[in-house]
Number of protein chains: 2
Amino acid sequence: MDTNESMALADWIAVNGRDCPSRTVVEVLANKWALYVLGALRRFDRPLRFSELRRLLEGITQKMLTQTLRALERDGLIERAVYPTVPPRVEYGLTPLGVEAGRLTSAISEWSVANVAQILDARAAYDAHSEQPLERIVTSPTNA
Amino acid sequence: MDTNESMALADWIAVNGRDCPSRTVVEVLANKWALYVLGALRRFDRPLRFSELRRLLEGITQKMLTQTLRALERDGLIERAVYPTVPPRVEYGLTPLGVEAGRLTSAISEWSVANVAQILDARAAYDAHSEQPLERIVTSPTNA
DNA sequence: CCGGATCCCTGTCGATACTG
DNA sequence: CAGTATCGACAGGGATCCGG
């Protein structure tokens, strides 16, 4: 099985190595704002305006929203539609490819919501005993 | 349906708003290195050493690997085992929660590999007509 | 030697102000 | 309304040093 592992390693590197183009795709999707954008478009199931997205994605800046939308549009996951009215109206909708990607990213959001309590507990437990050593350092200023 | 949308918006904000703890979970998972770490542990289906992970995740720095492993350990997705031998041996393995998360992140990796060609085409098409204006600027240095 | 902490530097991100 | 421009802050990468 050592041989199996060597082959497995080669296979792994082939599709995950630093020069594999698929990494560039992962790096667009493995991003919280991209995930939230796809999630919103999927949840509402219709094109959304720039300002609607900004309201939905609390805390995002205009800059990051623009940047994220550009990246997703460039990769063919969303489509940008400009209506030359006044005031201007720009809508972003999912392409078929974006719908597929949205299913995967939504799964992550939903799993996070479902397991947040358990994870918060784990965090608290972890922090409880890793902060302890730090306190010890400051507790004996007696011999100065 | 305006009312439906208002309710949908409220629901959305409730689980995706800036103060929802689930965001902190998403922000751990929506990260390329976390995704690759979970992917590797899932692919090899056994605990991996620090140096094995570093080799597998080409391009990661020791610092980011350490940081990513700490974050995943803190959230209870991986477990750290130290064998006090010489040279030291530290292994990281998936917890049951980590196995679940790994399924979701692996889905993203695999989808990226499956659709990389189509996405690269979309990128090329996008770049083709957005770079055109830039070339025009540098093409007439005659009157200097 | 392996696992990891620290320092320094660069690129990205967030907040604000301004334009078509 | 839908962006772009600019600046300060902070996270990420690279090299070096440390503990076991």
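Residues numbered from 1 in each chain as written. Chains lettered and ligands numbered in written order. Predicted model: local features only at pLDDT ≥ 70, side-chain atom pairs only at ≥ 80, totals over all residues. Heavy atoms only, no water.

J.: So what's going on with the nonpolar core? Which residues, and what values?
T.: Residues Trp111 of chain A together with Trp111 of chain B are the most contacted members of the largest nonpolar core, which totals 70 residues. Those residues in contact with Trp111 of chain A that lie beyond four places of it in its chain are Ile119 of chain A together with Val25, Leu29, Leu77, Leu97, Glu100, Ala101 and Leu104 of chain B. (Core = buried A, V, L, I, M, F, W, Y, C linked by side-chain atoms within 4.5 Å. Buried < 20%, exposed > 50% of the residue type's maximum accessible area, 1.4 Å probe, protein only. Contact = heavy atoms within 4.5 Å.)

J.: Mind laying out the interface of chain B and chain A, listing which residues take part and the relevant values?
T.: Between chain B and chain A, the contact holds 60 residues from the first and 60 residues from the second. In total, chain B and chain A occlude about 5800 Å² of area from one another, counting both sides; carbon and sulfur atoms represent 65% of this. Among the residues chain B hides against chain A, the three largest losses belong to Trp12, Arg74 and Trp111 of chain B. Together they make up 13% of the total. The salt bridge involving Arg74 of chain A is made with Asp127 of chain B; its shortest N-O contact spans 2.4 Å. In this structure, the connection of chain B to chain A is made through 14 residue pairs in polar contact (both at pLDDT 80 or more). At the level of secondary structure, the elements contributing two or more residues to the side of chain B that touches chain A comprise α1 (2-16), α2 (22-29), α3 (32-44), α4 (50-56), α5 (62-74) and α6 (96-130) of chain B. At 20 residues, α6 of chain B tops the list of elements feeding residues into the side of chain B that touches chain A. By residue class, the composition of the side of chain B that touches chain A is 31 nonpolar, 13 polar and 16 charged. (Buried area = accessible area lost by both parts, 1.4 Å probe. Salt bridge = Lys/Arg side-chain N within 4 Å of Asp/Glu carboxyl O. Polar contact = N/O pair within 3.5 Å; in protein donor to acceptor, adjacent residues only side chain to side chain. Helix = DSSP H or I, 4+ residues; strand = E, 2+ residues; numbered from the N terminus. Nonpolar A, V, L, I, M, F, W, Y, C, P; charged D, E, K, R; others polar.)

J.: Describe in detail the UniProt feature "domain: HTH hxlR-type" (unreviewed entry) in chain A, supporting the description with residues and values.
T.: Per the UniProt annotation, the sites labelled "domain: HTH hxlR-type" (unreviewed entry) are residues 20-120 of chain A. Helix and strand shares over residues 20-120 of chain A are 65% and 14% respectively, and the end C-alpha atoms of the span are 35 Å apart. (UniProt positions renumbered as here; feature names shortened; annotations may be inferred.)

J.: Residues and numbers for the packing of aromatic side chains, please.
T.: A full pass over the atoms with the stated rule returns four aromatic pairs over all chains. Cation over ring: Arg43 of chain B sits above Phe44 of chain B, and NZ or CZ is 5.7 Å from the ring centre. (Phe/Tyr/Trp six-rings, centres within 6.5 Å; stacked < 30°, edge-to-face > 60°. Lys NZ or Arg CZ within 6 Å of the ring centre and 35° of its normal.)

J.: Outline the protein's contact with DNA strand C, listing residues and values.
T.: DNA strand C sits among 18 residues. The nearest are Lys63, Met64 and Gln67 of chain A together with Ser51 and Arg80 of chain B. When atoms of DNA strand C within 4 Å of the protein are split into backbone and base, the sugar-phosphate part holds 68%. One nitrogen or oxygen atom from the side chain of Gln67 of chain A is found 2.7 Å from a phosphate oxygen belonging to DNA strand C. Side-chain polar atom of Ser51 of chain B to a phosphate oxygen of DNA strand C: 2.9 Å apart, as the coordinates give it. (Near = heavy atom within 4 Å.)

J.: Report on the relation of the copies chain B and chain A, specifying residues and quantitative values.
T.: Expressed as a screw operation, the relation of chain B to chain A combines 0.0 Å of axial shift with a rotation of 180°, fitting to an RMSD of 0.1 Å. In symmetry terms, the pair is related by a two-fold rotation axis. Using C-alpha coordinates, one finds that chain B approaches the rotation axis most closely at Ala30 of chain B, a distance of 2.3 Å. Comparing contact sets, 100% of the residues at the interface of chain B also lie at the interface in chain A, consistent with an isologous, same-surface contact. (Least-squares fit on C-alpha atoms with pLDDT ≥ 70 in both.)

J.: Tell me about the protein's contact with DNA strand D, and name the residues and values.
T.: Among the 18 residues in the neighbourhood of DNA strand D, the closest are listed as Ser51, Arg80 and Tyr92 of chain A together with Lys63 and Met64 of chain B. If you look at DNA strand D and keep only atoms within 4 Å of the protein, 74% of those are sugar or phosphate atoms. Between DNA strand D and the protein, one listed contact pairs a phosphate oxygen with a side-chain N or O atom of Ser51 of chain A at 2.6 Å. A distance of 3.3 Å separates a sugar or linking oxygen of DNA strand D from a polar backbone atom of Pro88 of chain A. For the surface near DNA strand D, the secondary-structure elements that each account for two or more residues are α4 (50-56), α5 (62-74) and β3 (89-94) of chain A together with α5 of chain B. Of the residues forming the surface near DNA strand D, the biggest block, four residues, is contributed by α5 of chain B. Residues belonging to the surface near DNA strand D are distributed by class as follows: eight nonpolar, five polar and five charged.

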